[in-house]
Amino acid sequence: MHSSGSIIKTYCEKVRHYLDDPDLDAKYDDNYLVRFFLASAMNDVLSRVSMMSDVQIIQNLTLTVSEGVKDYLLPPTVRQVLRVGLKNADTGAWTEDFHPRNQFNVYGPGWALEGNLISFEPPPTSGREFSIAYIPSGDVQAHHETATQGTLNANGTFTMVTNPTLGSRDKRQNAYVGCYLRIFGSGVTDELVVSAHDAATRVLTLRTAATNTAGTYSYEVVPFLLEPMIDAVSLSAAMRAGTGRKITGAQMQMLMLSYKSAIKTAHDMLGNMNSRTGKRFTGGTVDNKNLFAF
């Protein structure tokens, strides 16, 4: 990890380390590596890790619908919608599920994805707040601000800078929903999940309160990434950058082997991340037998 604790700066250092190319150092600065290779590498890794794993990376958003309005814009990071329904505000339990139906169903398809829209047919009959569980794509412009110019507001929201030091500020509405906002305080680094993003005002709403107090900070915004996923993203970007630099076949093969190893480690970590019960045995064991039944 970079001495600053930044994931984006760690990524830049790893790409340079894996390629070890003086021409790359001379021609491509860190901003170039972030702008041109990071987003595609994150898409690649998140897709392989989540879409091919038994335990997927799942994020949630709240969608406010209005009576008679059928089309609603989804955040650009939504790759696959798993569930649409209603949750109990107090318990968080799902109370209703809205399953998509066939396009030729006489009652309408229920809901369907159409480009970057979720379309309800028939339209909602009343104003409600739907919960949507989805798998993220990583299609986001991550960025890092070195100067202490990002503002943690007194109400718990965070205002991003207009032009960050590294990368680009994503100007699409709700683009950063589900991402991590990492605030670099003097003694504490906050890593907080973004629940809403106002692209016009640059304000991020956070799911939990920050440990740092209100003030200005350096910060970065990145998708959910485990340590082996950071390594895999760096290797994926190095292969893309190396293709343009025409690295040797042996170098490319070593990068590919390291990439596969990092992906495998990420799969292993996710596979056990949400496990709550032990393996099931068909025979009678202490795990599946009432010990107090005689």
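This text follows the structure it describes.
Cut-off values and rules
Residues numbered from 1 in each chain as written. Predicted model: local features only at pLDDT ≥ 70, side-chain atom pairs only at ≥ 80, totals over all residues. Heavy atoms only, no water. Pairing = 2+ DSSP bridges. Helix = DSSP H or I, 4+ residues; strand = E, 2+ residues; numbered from the N terminus. Axes fitted to C-alpha atoms, helices over the stretch in contact; angles between N-to-C directions. Contact = heavy atoms within 4.5 Å. Phe/Tyr/Trp six-rings, centres within 6.5 Å; stacked < 30°, edge-to-face > 60°. Buried < 20%, exposed > 50% of the residue type's maximum accessible area, 1.4 Å probe, protein only.

Chemist: Help me understand the sheet that holds strand S1 (residues 59–65), please; the structure alone is not making it clear to me.
Modeler: Strand order in the open sheet formed by 4 strands is S1-S7-S3-S4, and the pairing between neighbours is antiparallel. Edge positions in the open sheet fall to S1 and strand S4 (94–97), since each of these has one partner strand only. Across the sheet, the mean angle from the axis of one strand to that of its neighbour is 45 degrees, orientation sign disregarded. The pairing of strand S3 (residues 78–87) with S4 spans 3 bridges and is antiparallel. Considered in S4, the bridge of Leu86 is made with Glu96.

Chemist: Is there a simple way to think about the pairing of strand S6 (residues 117–121) in this case?
Modeler: Two faces make up the sheet, and in a regular strand the side chains alternate between them. Strand direction decides the pairing type here: strand S2 (residues 71–73) and S6, joined by 3 bridges, are antiparallel. Bridge pairing links Asp71 to Ser119 in S6. Two strands pair when backbone bridges link them, and strand S5 (residues 110–114) and S6 are joined in this way by 5 bridges, in the antiparallel orientation. Pairing of Leu113 across the sheet is with Ile118, part of S6. Taken together, S5 and the strand that follows it, S6, pair antiparallel across an intervening segment of 2 residues, in which Gly115 is found at a positive phi of about 70 degrees.

Chemist: Hey, could you run me through the side chain of Ser131 in this one?
Modeler: Along the chain, Ser131 falls in strand S7 (residues 128–136). Those residues within four positions of Ser131 in sequence are excluded, and the remaining contacts are Leu61, Arg83, Val84, Gly85, Lys87 and Trp94.

Chemist: In this structure, what is going on with the packing of aromatic side chains? I would like to understand it.
Modeler: Taken as a whole, this structure holds 7 aromatic pairs when the rule is applied. Relative to Phe130, the ring of Phe120 has its centre 5.3 Å away and its plane inclined at 65 degrees; by these criteria the two rings are edge-to-face. In this pair, Phe120 sits in strand S6 while Phe130 sits in strand S7, placing the two residues 10 residues apart along the sequence. Assessed through its relative accessible area of 4%, Phe120 is described here as buried. You can call Phe130 buried: its relative accessible area is 5%.

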